[in-house]
Amino acid sequence: MKPRYLDAIIDLAYGGLIFVSVVLIVVEGTRVGLALGLGVLVSYALHVVWKMARFDPEWMTREVEETVEDAVEQTIGEQVDTVQQRIETVDERIDRRPREDEIEALLEETVADEAAGGEDGTDDAAR
């Protein structure tokens, strides 16, 4: 008998036992049905883990690696976004500041205006 057929038969048997536990809950009461149902579910979980490990021994390692990679990628992505926002804020502040050549031109213009205004003897404040 092929292993896949045997696994399918066992899966169907587990499904049948779960169905029996539901019937027992309805007919006999909750204690017996719940006990059987929980036992079947726990043994089915163990069976699935065993089956996955048998078909692919590295499945758990891959799953953990993928989960960790996704979490790290998401965390780093959020941190990079935060840093980019801060950089953009700093760039905006830098763009609002006058550049050195603008300051020099403004100073030269102010000095020229004061020199021109001071020649006629009037004070800018008095105007």
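No experiment lies behind these values; they were computed from the predicted model shown.

**What about the overall build of the protein chain?**
Here's step 1: Each helix and strand counted, the protein chain has 4 helices and 0 strands in total.
Here's step 2: When the helices and strands of the protein chain are read in sequence order from the N terminus, they spell out α-α-α-α.
Here's step 3: Considering only residue pairs separated by 6 or more positions, the protein chain has 41% of its internal contacts joining residues 24 or more positions apart.
Here's step 4: Accessible surface computed for the protein chain: about 10,800 Å², of which carbon and sulfur atoms make up 61%.

**Side note on the confidence of the model for the protein chain**
Here's step 1: The share of residues in the protein chain with pLDDT of 70 or more is 84%, and the mean pLDDT across the chain is 78.
Here's step 2: Considering each helix and strand of the protein chain separately, the mean pLDDT is smallest for helix α2 (residues 30-55), with a value of 77, and largest for helix α3 (residues 59-96), with 85.

**Topic: a negative patch on the surface**
Here's step 1: A cluster of acidic residues, Glu58, Glu63, Glu65, Glu66, Glu69, Asp70 and Glu73, forms a negative patch on the protein surface.
Here's step 2: Tracing the backbone shows Glu65 in helix α3.

**Looking at the packing of aromatic side chains**
Here's step 1: Taken as a whole, this structure holds 1 aromatic pair when the rule is applied.
Here's step 2: When the ring of Tyr14 is compared with that of Tyr44, the centres are 5.2 Å apart and the planes differ by 70°; the resulting orientation is edge-to-face. Residue Tyr14 is found in helix α1 (residues 3-27), and its partner Tyr44 is found in helix α2; the two are separated by 30 residues along the sequence.
Here's step 3: With relative accessibility at 30%, the residue Tyr44 sits in the partly exposed group.

**Description of a nonpolar patch on the surface**
Here's step 1: On the surface, a cluster of nonpolar side chains totalling about 650 Å² of accessible area is made up of Phe19, Val22, Val23, Ile25, Val26, Val27 and Leu34.
Here's step 2: The biggest single contributor to the nonpolar patch is α1, with 6 residues.
Here's step 3: Note that Leu34 resides in helix α2.
Here's step 4: Given the relative accessible area of 45%, Leu34 is considered partly exposed.

**Some words on the UniProt feature "transmembrane region" (unreviewed entry) in the protein chain**
Here's step 1: UniProt feature "transmembrane region" (unreviewed entry): in the numbering of this structure it lies at residues 5-26 and 32-50.
Here's step 2: Between the C-alpha atoms that bound residues 5-26 there is a distance of 32 Å. The span itself is 100% helix and 0% strand.
Here's step 3: Taken as a whole, residues 32-50 contains 100% helix and 0% strand, while its terminal C-alpha atoms sit 27 Å from one another.

Parameters at a glance
- Residues numbered from 1 in each chain as written.
- Predicted model: local features only at pLDDT ≥ 70, side-chain atom pairs only at ≥ 80, totals over all residues.
- Heavy atoms only, no water.
- Helix = DSSP H or I, 4+ residues; strand = E, 2+ residues; numbered from the N terminus.
- Contact = heavy atoms within 4.5 Å.
- Areas by Shrake-Rupley, 256 points an atom, 1.4 Å probe, with all protein chains shown as cover.
- pLDDT = per-residue confidence, 0-100.
- Patch = residues over 30% accessible without salt bridge, like charges linked within 9 Å, V, L, I, M, F, W, Y side chains within 5 Å.
- Salt bridge = Lys/Arg side-chain N within 4 Å of Asp/Glu carboxyl O.
- Lys, Arg positive; Asp, Glu negative; His and termini not counted.
- Charge placed at Lys NZ, Arg CZ, Asp CG, Glu CD.
- Phe/Tyr/Trp six-rings, centres within 6.5 Å; stacked < 30°, edge-to-face > 60°.
- Buried < 20%, exposed > 50% of the residue type's maximum accessible area, 1.4 Å probe, protein only.
- UniProt positions renumbered as here; feature names shortened; annotations may be inferred.

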